[in-house]
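The lines below spell out each chain.
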Amino acid sequence: MKTLQHYYNEVGEYGRKLYLRNEAIRTGNWDLYEATVKKEFPDIAVKELEEARDLAGRVKQMNKQELSDWVTKNRVNMITSDLYVLDEGSILYGSVVPPFDLQFIIGDGLEDIILCNVSPSDVLTLTNHEVYWVDPVVKS
């Protein structure tokens, strides 16, 4: 997984916030994320913390087969990640997008460093993580 410094260098304070949010959700250690959000993003801190804690309560750890089954069962045709999509530890979100729109949304998602929009087949083909962190709520 890319480091905190890498995300900060690439995306600035927003990248730092996303990295710390991801870490807090996965580890349950909220101190650094909470302090950062309150200091750097005071206008949205309460909402940010509430949304992150809500996600932490529902995020699921899946193996590759479980992820594949979830994609198939829910007809997910686009995955969005909070951090770089191929990094182990990224939190994945599934969506069902009208097929015509996919070509405009996915684009160069593998080149994005945050909020990557990619096809589920890219994630399943290009990764082999022990654990995938997935928000089980599928967006449409």
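Before any of the text, the structure's been laid out above.
Residues numbered from 1 in each chain as written. Predicted model: local features only at pLDDT ≥ 70, side-chain atom pairs only at ≥ 80, totals over all residues. Heavy atoms only, no water.

Student: How should I be thinking about the environment of aspartate 87 in this particular structure?
Tutor: Summarising the element assignment, aspartate 87 is placed in the loop between strand S2 (78-81) and strand S3 (91-95). Sequence-wise, aspartate 87 and leucine 67 are 20 residues apart; in three dimensions their C-alpha atoms are separated by 15 Å. Not counting residues within four places of it along the chain, the set of residues in contact with aspartate 87 comprises Met1, Lys2, Tyr7 and His129. (Helix = DSSP H or I, 4+ residues; strand = E, 2+ residues; numbered from the N terminus. Contact = heavy atoms within 4.5 Å.)

Student: Even after reading the chapter, I still don't get helix H3 (residues 31-40), so can you show me in this structure?
Tutor: Side chains that are three or four residues apart share a direction in an α-helix, a result of its 3.6 residues per turn. Of all the residues in H3, the buried ones are Tyr33, Thr36 and Val37. On an axial view of H3, the arc spanned by its buried residues comes to 95 degrees, and they lie on one face. Along H3, the residues that are exposed and aim more than 90 degrees away from the buried face are Asp31 and Lys39. Buried-residue contacts for H3 involve helix H2 (13-27) and helix H4 (45-58). (Buried < 20%, exposed > 50% of the residue type's maximum accessible area, 1.4 Å probe, protein only. Arc of directions from axis to C-beta.)

Student: Can you help me understand the pairing of strand S5 (residues 132-139) in this one?
Tutor: Consecutive side chains along a regular strand alternate between the two faces of the sheet. In this structure, strand S1 (residues 60-62) lies alongside S5, joined through three bridges in antiparallel fashion. Following the sheet pairing, lysine 60 is matched in S5 by valine 134. With four bridges joining them, S3 and S5 adopt parallel strand pairing. When the bridges of S5 are listed, tyrosine 93 appears paired with aspartate 135. (Pairing = 2+ DSSP bridges.)

Student: Is there a simple way to explain a nonpolar patch on the surface in this structure?
Tutor: Among the surface-exposed residues, Phe100, Phe104 and Ile105 lie close enough to one another that they form a single nonpolar patch of about 350 Å² accessible area. Its place among the elements puts phenylalanine 104 in helix H6 (residues 99-106). What makes phenylalanine 104 exposed here is its relative accessible area of 60%. (Patch = residues over 30% accessible without salt bridge, like charges linked within 9 Å, V, L, I, M, F, W, Y side chains within 5 Å. Areas by Shrake-Rupley, 256 points an atom, 1.4 Å probe, with all protein chains shown as cover. Salt bridge = Lys/Arg side-chain N within 4 Å of Asp/Glu carboxyl O.)

Student: Looking at this structure, how should I read the pairing of S3?
Tutor: Taking burial as the measure, the five residues of S3 include five buried ones, the bulk of the element. Side chains Ile91, Tyr93 and Ser95 of S3 all project onto a buried face; the interleaved residues Leu92 and Gly94 project onto the opposite face, where all are buried too. As judged from the four bridges shared by S2 and S3, these two strands associate in the antiparallel manner. What sits directly across from serine 81, in S3, is leucine 92.

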